[in-house]
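# Structural description and commentary
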Amino acid sequence: MTKITETALRDAHQSLFATRMRTKDILDAAPLLDQVGYASLEAWGGATFDACLRFLAEDPWDRLRRVKAAAPKTPIQMLLRGQNLVGYRNYADDVVEEFVRLAAANGVDVFRIFDALNDTRNMECAVRAVKKAGKHAQGTISYTTSPVHTTESFISAARTLKDLDCDSICIKDMSGIIMPRVAFDLVRALKQAVGLPISLHSHCTAGIAPLAYQAAIDAGVDLLDCAISPIGGGTAQPHTESIAYAIRGTPADAGVDFEALARSTAFFRKIREKYDTLIDPISERVDTRVLEYQLPGGMLSNLVSQLKDQNKLDRLEDVLAEVPRVRADCGYPPLVTPTSQIVGVQAVFNVLLGRYKVIGNETKNLIKGGYGRTPAPIDPEFRKKILGDEQPIEGRAADFLKPELDKLRAEFEPTGLVKRPEDLLTLAMNPQVGKAYLSGQVKAEKEPWLK
């Protein structure tokens, strides 16, 4: 059997609606999806935490609790960026432990834990905290291609994740670039090497993901990420209905209730109409350029937005060509949050201002080792150019961070903003946005269907 994880409540609307689905619509959808028979509902984490606070004036913790209550039969899943949690930097271990504890207490059953560099040391603390909470830890491999990424390197990472006591392994193909033959070989090799359930996550950006899913099914994959059809495809995941029907009556049958699935599809057709003005046609076109540039859909839209703001959209092709060069200079990191933003911003700087004439602080931190160990070693001369006399970090990056929670308590508890433990974690993720939300200064964006 190949079970399905439904991404409609997180990655699908993050990919197509800029993460703008309101909690009300999510809560209306959850009871319908709960009847389908999914392995899990991905409903939290990723960009949803920040978007709730920054754009919707909603409490992400409240959303989580209410979704869990609305879908009691189906495990609730979140995407956790390892030591980055749901932010854009490494947090100290005490923050990671408390965040995971509260996420579990508020309703997360399955934690999909990844690291942008595939540095498994950045996942250790989160995995331990998940296991301590008695929840499912899904260790994740960020799939990419480069001279240093091989099947053997991915298997080595998976073995380490198994040794950390992960319950399953996910192949996270954030750009939609995994080829069918690679999917078959990698799924089969991982199943043989670690003996854990294997999940495949991909995007339809290049139009190849459904073929890769079939190959993974042939190899015995245990779980597939899919998005219900009105908000599937494009830069989101393969359509749930298509995959479920394709394997119906076969040994891989997902065991879904097709009548419940049809009711869910009808609901999401209305959701699609509601949010239609947010969908950029670019996000629904097949674009095989992603196979060369390896850009996640959100990163491409961010680059377009940056260049538009500077009236330099005519330089987009130059920026796209610069991205692989910057990536190589930076040790071939997989392009996923936050490394995709780091590499993308630096590529824009290089094209508009001259190569490495301006160096982003995040680029410096990546080269220094502040995000962890890069897949390939950084060229010493290039590191010297970027860091000057600064010494690179050797070892686990979070070991160089001091505990943060007591400092946060001392700073924010006297302000009256911290009314419950979750508020402190909201402030920890992004103090500026957290303060604005908790003090009532954030106003929700105008609802897209009213524009």
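Check the entry above for the structure.
Let me begin by describing the structure that accompanies this report.

Conventions used here
- Residues numbered from 1 in each chain as written.
- Predicted model: local features only at pLDDT ≥ 70, side-chain atom pairs only at ≥ 80, totals over all residues.
- Heavy atoms only, no water.
- Phe/Tyr/Trp six-rings, centres within 6.5 Å; stacked < 30°, edge-to-face > 60°.
- Lys NZ or Arg CZ within 6 Å of the ring centre and 35° of its normal.
- Pairing = 2+ DSSP bridges.
- Helix = DSSP H or I, 4+ residues; strand = E, 2+ residues; numbered from the N terminus.
- Axes fitted to C-alpha atoms, helices over the stretch in contact; angles between N-to-C directions.
- Contact = heavy atoms within 4.5 Å.
- Buried < 20%, exposed > 50% of the residue type's maximum accessible area, 1.4 Å probe, protein only.
- Expected span 1.5 Å × (residues − 1).
- Polar contact = N/O pair within 3.5 Å; in protein donor to acceptor, adjacent residues only side chain to side chain.
- Parallel < 35°, antiparallel > 145°, perpendicular 65-115°, else oblique.
- Left-handed = near helix turned anticlockwise from the far one by under 90°.
- Nonpolar A, V, L, I, M, F, W, Y, C, P; charged D, E, K, R; others polar.

Before going further, it helps to examine the packing of aromatic side chains. Tallied over the full model, the rule gives twelve aromatic pairs. Linked through ring pairs, Trp-44, Phe-49, Trp-61 and Phe-99 together constitute an aromatic cluster. In this structure, Arg-20 is placed above the aromatic ring of Phe-55, and the distance from its NZ or CZ to the ring centre is 3.8 Å. The ring of Phe-114 has Lys-172 lying over it, and the distance from NZ or CZ to the ring centre is 5.1 Å.

A barrel is described by the order of its strands in space; here eight strands give the closed sequence β1-β2-β3-β4-β5-β6-β7-β8, paired in parallel fashion. The average undirected angle you get between the axes of adjacent strands in this sheet is 30°. Direction of pairing for strand β6 (residues 168–172) relative to strand β7 (residues 198–201): parallel, over a ladder of four bridges. Along β7, the bridge assignment pairs Ile-171 with Leu-200. Of the strands in this sheet, β2 (40–45), β3 (76–80) and β4 (110–113) are in contact with helix α5 (residues 93–106), which crosses β3 at around 160°.

Time to look at the pairing of strand β8 (residues 223–226). Judged by which residues are buried, β8 turns out to be covered on both faces: Leu-223 and Asp-225 on one side and Leu-224 and Cys-226 on the other are all buried. Relative to β8, strand β1 (residues 3–6) runs parallel, the two being bridged by four bridges. Across the sheet, Ile-4 pairs through a bridge with Leu-224, a residue of β8. Relative to β8, β7 runs parallel, the two sharing two bridges.

So, on to the environment of Ile-155. Secondary-structure assignment places Ile-155 in helix α7 (residues 151–163). Classification of Ile-155 as buried rests on a relative accessible area of 12%. Apart from the residues lying within four places of it in its own chain, the contact partners of Ile-155 are Ala-189, Leu-190 and Ala-193.

With that settled, consider helix α11 (residues 258–274). Taking 1.5 Å as the rise per residue, α11 with 17 residues should run 24 Å; its terminal C-alpha atoms sit 24 Å apart, in good agreement. All of the buried residues along α11 are Phe-258, Ala-260, Leu-261, Ser-264, Thr-265, Phe-267, Phe-268 and Ile-271. Here the buried face of α11 lies against α1 (8–16), α2 (23–33) and α10 (240–246). For α11, the capping residue at the N-terminal end is Asp-257, with a side-chain oxygen 3.0 Å from the backbone nitrogen of Glu-259.

Glancing now at the packing of α5 against helix α19 (residues 421–429). Packing of α5 against α19 leaves a shortest axis separation of 10 Å and a crossing angle of 130°. With respect to α19, the axis of α5 lies oblique. Classified by chirality, the crossing of α19 by α5 is left-handed. Seen from α5, the contacting residues are Val-95, Glu-98, Phe-99, Leu-102 and Asn-106; seen from α19, they are Pro-421, Glu-422, Leu-425, Ala-428 and Met-429. For the contact of α5 with α19, the per-class residue count stands at seven nonpolar, one polar and two charged.

By themselves these figures say nothing about function.
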